[in-house]
Every structure is written in C-alpha cells, then in structure tokens.
Amino acid sequence: ELQIIDAETFTQAQYILDQRAKKNDDERQIALTTKSKNLLSGMMYCAHCGGRLTSIVYKDHYTRQDGTEYRIEQLKYLCYHKSRKLCKCDGQSTYVAAKVDGAVCTVIQNMFCRIGETPDEDILNKRFQKEIASCGAKQTKLNLELRKHTAQLQKLEDEIANTLSGDSFYTPEQLSKAIKAVEGKVAETNTQLQLLHAEMSDKKSAIDQIKPMYERFKGWSDDFNRCSIEQKKIIISSLSPALKSARVIR
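Calculation criteria
Residues numbered from 1 in each chain as written. Predicted model: local features only at pLDDT ≥ 70, side-chain atom pairs only at ≥ 80, totals over all residues. Heavy atoms only, no water. Core = buried A, V, L, I, M, F, W, Y, C linked by side-chain atoms within 4.5 Å. Buried < 20%, exposed > 50% of the residue type's maximum accessible area, 1.4 Å probe, protein only. Helix = DSSP H or I, 4+ residues; strand = E, 2+ residues; numbered from the N terminus. Contact = heavy atoms within 4.5 Å. Expected span 1.5 Å × (residues − 1). Arc of directions from axis to C-beta. Pairing = 2+ DSSP bridges. Axes fitted to C-alpha atoms, helices over the stretch in contact; angles between N-to-C directions.

Q: Account for the nonpolar core, with residues named and values stated.
A: Counting 24 residues, the largest nonpolar core has Leu40, Leu53, Tyr77, Phe112, Phe224, Ile236 and Leu239 as the members making the most contacts within it. Looking at this core, the elements with two or more residues in it are β2 (69-79), α3 (97-115), α5 (172-223) and α6 (229-246). With seven residues, α3 is the largest single contributor of residues to this core. The next biggest cluster of nonpolar side chains, apart from the first, holds 14 residues, and it includes Leu156, Leu175, Val186 and Leu196.

Q: Could you give an account of the side chain of His149, naming the residues involved and the relevant values?
A: By the secondary structure assignment, His149 is in helix α4 (residues 121-165). Judged by relative accessible area, His149 falls into the buried class, the value being 11%. Once residues within four sequence positions are removed from consideration, His149 is found in contact with Val182, Lys185, Val186 and Thr189.

Q: Account for unusual backbone geometry, naming residues and giving values.
A: Unusually for a residue other than glycine, Lys85 sits at a positive phi of about 55°. Residue position: Lys85 is located in the loop between α2 (80-83) and β3 (94-96). Classification of Lys85 by relative accessible area gives exposed; the value is 75%.

Q: So what about α3? Which residues, and what values?
A: Taking 1.5 Å as the rise per residue, α3 with 19 residues should run 27 Å; its terminal C-alpha atoms sit 27 Å apart, in good agreement. Every buried residue of α3 is listed here: Ala97, Val100, Asp101, Cys105, Ile108, Met111, Phe112 and Ile115. Buried residues of α3, viewed axially, fall in a sector of 125°; they line one side. Pointing more than 90 degrees away from the buried face of α3 are the exposed residues Ala98, Lys99, Val107, Cys113 and Arg114.

Q: I'd love a proper account of the pairing of strand β1 (residues 53-63), names of residues and values included.
A: Judged from the eleven bridges that link them, β1 and β2 form a sheet pairing that is antiparallel. Each bridged residue has a counterpart across the sheet, and for Asp60 the counterpart in β2 is Ile72. Between β1 and β2, which follow one another and run antiparallel, lie five residues, and Gly67 among them has a positive phi close to 95°.

Q: I'd like to hear about the sheet that holds β3, residue by residue, with values.
A: The three strands are arranged β1-β2-β3 in an open sheet whose pairing can be described as antiparallel. Edge strands, defined here as strands with exactly one partner in the open sheet, are β1 and β3. Taking the axes of each pair of neighbouring strands and ignoring which way they run, one obtains an average angle of 40° across the sheet. Relative to β3, β2 runs antiparallel, the two being bridged by three bridges. Looking across to β3, one finds that Tyr77 is bridged to Tyr95.

Here you go:
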C-alpha cells in the first residue's frame, strides 16, 4: 500500500531493467549504460549487416615535417562484425559520432518543435469523441440491418412448413437458396459489428495511453536541449516504443 514513486515511473524503470537484462542482448533498444560519451551508444545498428555498432575512441598522433605534432582524439561508432570480418558487411567500418549524433539530434529537435503545434488535451478529447460518435452511428446502422436480416430469415424459416404442406408459393430449392443468402448477410453484418466493436475498444485504449504520453512528450520537448547526455540517451531510447503507441491515434 505504501509507494515511494508513482506507478508510471516504476513501470518505466522496470522496462529499462528488463531491456538491460542479458536475455535481451539481441533485441535491446536501450543503452546498457549511460556512461559512454557517444549519444547513441548501445542503440545503433549497422544498416548493412544488422549488427550492433559499438562506441570507440579513435586516437592518432604523429610529427609533421615542420616539426609540429598532430594529435586527434575522436569518438566513433564501429561496426563490430565488419571490423572482425564476422560477416560480409559492405558498409563502413566506422562512423564519426559527432556527425551521426548531430543528425539524429536535429531530427529529434524538429520533431519536438512540431509537438508544440499539436492540439492540446481538450482538442484531442473532442477529436476522440467525434470518432467514437461516428463509430456509434455505424453501429446503430448495422444493428438495424441485422434486425432486418434476422426478421427476413425468420419469415423464410416459417415458410418451410408451408412448403412441406404444399401451400407455399416457393419451391424448396428457391427457399433454400433465399435462406442461405440471408444467412450470409446476417453473418457478414455480425462480423462488421465485431470489427467495429474492436475498433472502438482500440480507440478508447489508445486515448488512455496518449494522454500521459502527450504530457511526457511535451516535457521532453521543453527539456531536451538542456538535458545532460545521460538524460538525452534515456529520452532517445524511450522514443521508439512511445511513438509506436502514438500511431494508434492519427
């Protein structure tokens, strides 16, 4: 009954712990640690062979002909499979971290800028209610069609007795064909109702997820540029699962 932190923070922490577990090495989407100076360490994969990129510090120095000394210390991402010739990777062996990190940060900053232009919670709720109302209208129409088809099916089944006694205007073959056609319409309408019910449930579930996610994104957009590299790593690694959930509401 006693809680030190809120349930959402606890769930996020458990997700990070699970991602960093040994069993998830191949599918891990979160950096194993946040101590590396490379922003995307632990989250980068080679687009050519699919292997994980590791972080390295490239160092070199030599004396020029004029007697001056050249020194360089540069952070890079290394394709481990390429460098160890573990597969036929046709990509680069190394990538300059500053260029890659800069390009990713630009994309993220542009995305966060657009978040400021997105509708607030009240507008999201109004849009959601409009979608639910539209689904409700479709549901009412389908229920009316179902009742109509069910009534037709009942009449046709009642006509079977008249056919057996010879008092019907329909032949058994005509009646059987008509019953099958109406049964098909009833089944199709029931299927459409089930799909519509599932769609409404998905939308209701999605709006419950999108509200806290919207607030989280707003906070990230305000703080990203001021965050430490460790905090930026956690934000970037959290974006992928969050964006997957957000696609449910368009």
